[in-house]
Protein chains: 2
Amino acid sequence: MELEKLERVSREHVYKGAIIDLYKDTIKNPDGTIEYYDFIKHKGASAVIPVMDDGRIIMVKQYRNALDRFTVEIPAGGRNTENEDFKECAARELEEETGYKSDDLELLITVRTTIAFCNEAIDIYVARNLVPSKQNLDPGEYINVEIYTIEELVNLVFEGKIQDAKTVAAIMAYNHKFGNK
Amino acid sequence: MELEKLERVSREHVYKGAIIDLYKDTIKNPDGTIEYYDFIKHKGASAVIPVMDDGRIIMVKQYRNALDRFTVEIPAGGRNTENEDFKECAARELEEETGYKSDDLELLITVRTTIAFCNEAIDIYVARNLVPSKQNLDPGEYINVEIYTIEELVNLVFEGKIQDAKTVAAIMAYNHKFGNK
């Protein structure tokens, strides 16, 4: 069977949140039936795997309200605007969250976090040649820095102690491409 | 610095969507300032890497409204209720979307798709010993089945042709644990 694109009849803005905009989409299926889809518009984000000269990786620990627990993640943050360059956003978030900066950022992969209802894209970079700078957290941002080897991070994924999807994807893709090298 | 848990002062339901519930959380920071957080309550989902006897993997292709394009993903779907067993959900979605069933499901990893504002968890299983059954799509679900080797899937991730975070995490974790075996 040839797959058909679903037809979006309309998109209605229903709620403006702190960081998201929620829409109600009216979708017409190929058989003519009508369905409603949730759609969350997100301005996109960047994330960074900061690799120290000895190969260890800088992670950030923070409290996540949506999960009601602390998480260990790669540094990341939303773009300031829909037009901000993803790489500039990555460099900024790296410096703000970890206190290291880098001019050596290489795109590893792009992930889409929640394709059932959200257009968020996260470009994930590998940052090397880190230079000490100054952590500069946003108001309301409380982060500790922790340092791990890639082997430790892979183990934390399979032990279920790191579950954040961007971080899991980043660790496993980095390990495949650069691990033990 | 010792990290503190942020205090949630209140959670207000602000919108009921087709598959999500949106809340406005009032959060008190350690310094006493107040912020508002978006929170999306999601009932959780399961996903499956269906491995054929020859080692190839069954993927599903579908149109995704949130991205306005076709995607290639591992089979997945939401739990029917907040109490549905994740493994039963995985077995059901496998059969419905691919037309194969399996009694041999092994948990690979759990991912959290969007921890900045959503509690969605996806348990990702590896399914083996597949038995032909019958595809049984939900109304409004239009899916084609495609078959790939794990090497092809890894390449599609690094080429940016597979970006869905659960699928990227699943492919890379599966390849690390079982690839070339």
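What you see is a predicted model; the values in this text were computed from it and never measured.

Asks: Tell me about the interface of chain A and chain B, and please be specific about residues and values.
Replies: Of the residues lining the interface, 71 residues belong to chain A; the matching set on chain B comes to 71 residues. Carbon and sulfur atoms make up 64% of the surface buried where chain A meets chain B, a total of about 6100 Å² over both sides. Our enumeration of links across chain A and chain B arrives at two salt bridges. Its salt-bridge partner being K5 of chain A, residue D68 of chain B comes within 3.4 Å of it at the nearest N-O pair. Across the contact surface, chain A and chain B share 17 residue pairs in polar contact (both at pLDDT 80 or more). Here the element with the most residues in the side of chain A that touches chain B is helix α3 (residues 165-178) of chain A; it accounts for nine residues. A class-by-class count of the residues in the side of chain A that touches chain B yields 37 nonpolar, 15 polar and 19 charged.

Asks: Explain the packing of aromatic side chains to me, using residue names and the numbers behind them.
Replies: Applying the stated criterion across every chain, the model contains six aromatic pairs over all chains. Here the aromatic rings of Y23 of chain A and F39 of chain A are separated by 6.0 Å at their centres, their planes lie at 45 degrees, and the arrangement is tilted. With Y23 of chain A in strand β2 (residues 21-28) and F39 of chain A in strand β3 (residues 34-41), this pair connects stretches of sequence that are 16 residues apart. As far as burial versus exposure is concerned, Y23 of chain A and F39 of chain A are alike and both buried. Aromatic pair Y174 of chain B and F178 of chain B: ring centres 5.3 Å apart, planes at 45 degrees, arrangement tilted. Here Y174 of chain B and its partner F178 of chain B are both found in helix α3 (residues 165-178), four residues apart, which amounts to about one turn of the helix. For the pair Y174 of chain B and F178 of chain B, a shared accessibility class is recorded, and that class is buried. The lysine or arginine in question, R11 of chain A, covers the ring of F39 of chain A, its NZ or CZ lying 3.6 Å from the ring centre. When the ring centre of Y36 of chain B is taken as origin, the NZ or CZ atom of K24 of chain B, which lies over that ring, is 4.5 Å away.

Asks: Break down the sheet that holds strand β4 (residues 45-50) of chain A for me, citing the residues and quoting the values.
Replies: All names here are of chain A. Strand order in the open sheet made by the four strands is β7-β4-β10-β9, with mixed pairing throughout. Looking along the sheet, the strands with just one partner apiece sit at the ends: β7 (76-78) and β9 (104-112). Averaged over all adjacent pairs, the angle separating strand axes in this sheet is 20 degrees, with direction ignored. Of the pairings in the sheet, the one linking β4 to strand β10 (residues 121-128) comprises six bridges and is parallel in character. Bridged to I49 within β10 is V126. Strands in contact with helix α1 (residues 86-98) are β4, β7, β9 and β10; relative to β4, the strand with the most contacts, it is inclined by about 55 degrees. Sheet contacts for α3: β4, β7, β9 and β10; angle to β9, the most-contacted strand, approximately 125 degrees.

Asks: Just give me the short version of the packing of helix α2 (residues 150-158) of chain B against α3 of chain B, but keep the residues and values in it.
Replies: Residue and element names in this part refer to chain B. For the pair α2 and α3, interaxial distance at closest approach is 10 Å and the crossing angle is 135 degrees. It follows from the interaxial angle that α2 and α3 lie oblique. Here α2 and α3 pass one another in a crossing that is left-handed. Residue-level contacts link I150, L153, V154, V157 and F158 of α2 to V168, I171, M172, Y174 and N175 of α3. Residue composition of the contact of α2 with α3, grouped by class: nine nonpolar, one polar and no charged.

Asks: Which residues make up the sheet that holds strand β5 (residues 57-64) of chain B, and what values do they have?
Replies: All names here are of chain B. Overall, antiparallel pairing links the three strands, which are arranged β6-β5-β12 in an open sheet. Edge positions in the sheet fall to β6 (69-73) and β12 (143-148), since each has one partner strand and no second. The sheet shows a mean angle of 30 degrees between the axes of neighbouring strands, taken without regard to direction. Across six bridges, the pairing between β5 and β12 is antiparallel. The residue bridging Q62 from the neighbouring strand is I143, located in β12. Running over the sheet, α3 touches β5 and β6 and is turned about 165 degrees from β5.

Conventions used here
- Residues numbered from 1 in each chain as written.
- Chains lettered and ligands numbered in written order.
- Predicted model: local features only at pLDDT ≥ 70, side-chain atom pairs only at ≥ 80, totals over all residues.
- Heavy atoms only, no water.
- Contact = heavy atoms within 4.5 Å.
- Buried area = accessible area lost by both parts, 1.4 Å probe.
- Salt bridge = Lys/Arg side-chain N within 4 Å of Asp/Glu carboxyl O.
- Polar contact = N/O pair within 3.5 Å; in protein donor to acceptor, adjacent residues only side chain to side chain.
- Helix = DSSP H or I, 4+ residues; strand = E, 2+ residues; numbered from the N terminus.
- Nonpolar A, V, L, I, M, F, W, Y, C, P; charged D, E, K, R; others polar.
- Phe/Tyr/Trp six-rings, centres within 6.5 Å; stacked < 30°, edge-to-face > 60°.
- Buried < 20%, exposed > 50% of the residue type's maximum accessible area, 1.4 Å probe, protein only.
- Lys NZ or Arg CZ within 6 Å of the ring centre and 35° of its normal.
- Pairing = 2+ DSSP bridges.
- Axes fitted to C-alpha atoms, helices over the stretch in contact; angles between N-to-C directions.
- Parallel < 35°, antiparallel > 145°, perpendicular 65-115°, else oblique.
- Left-handed = near helix turned anticlockwise from the far one by under 90°.

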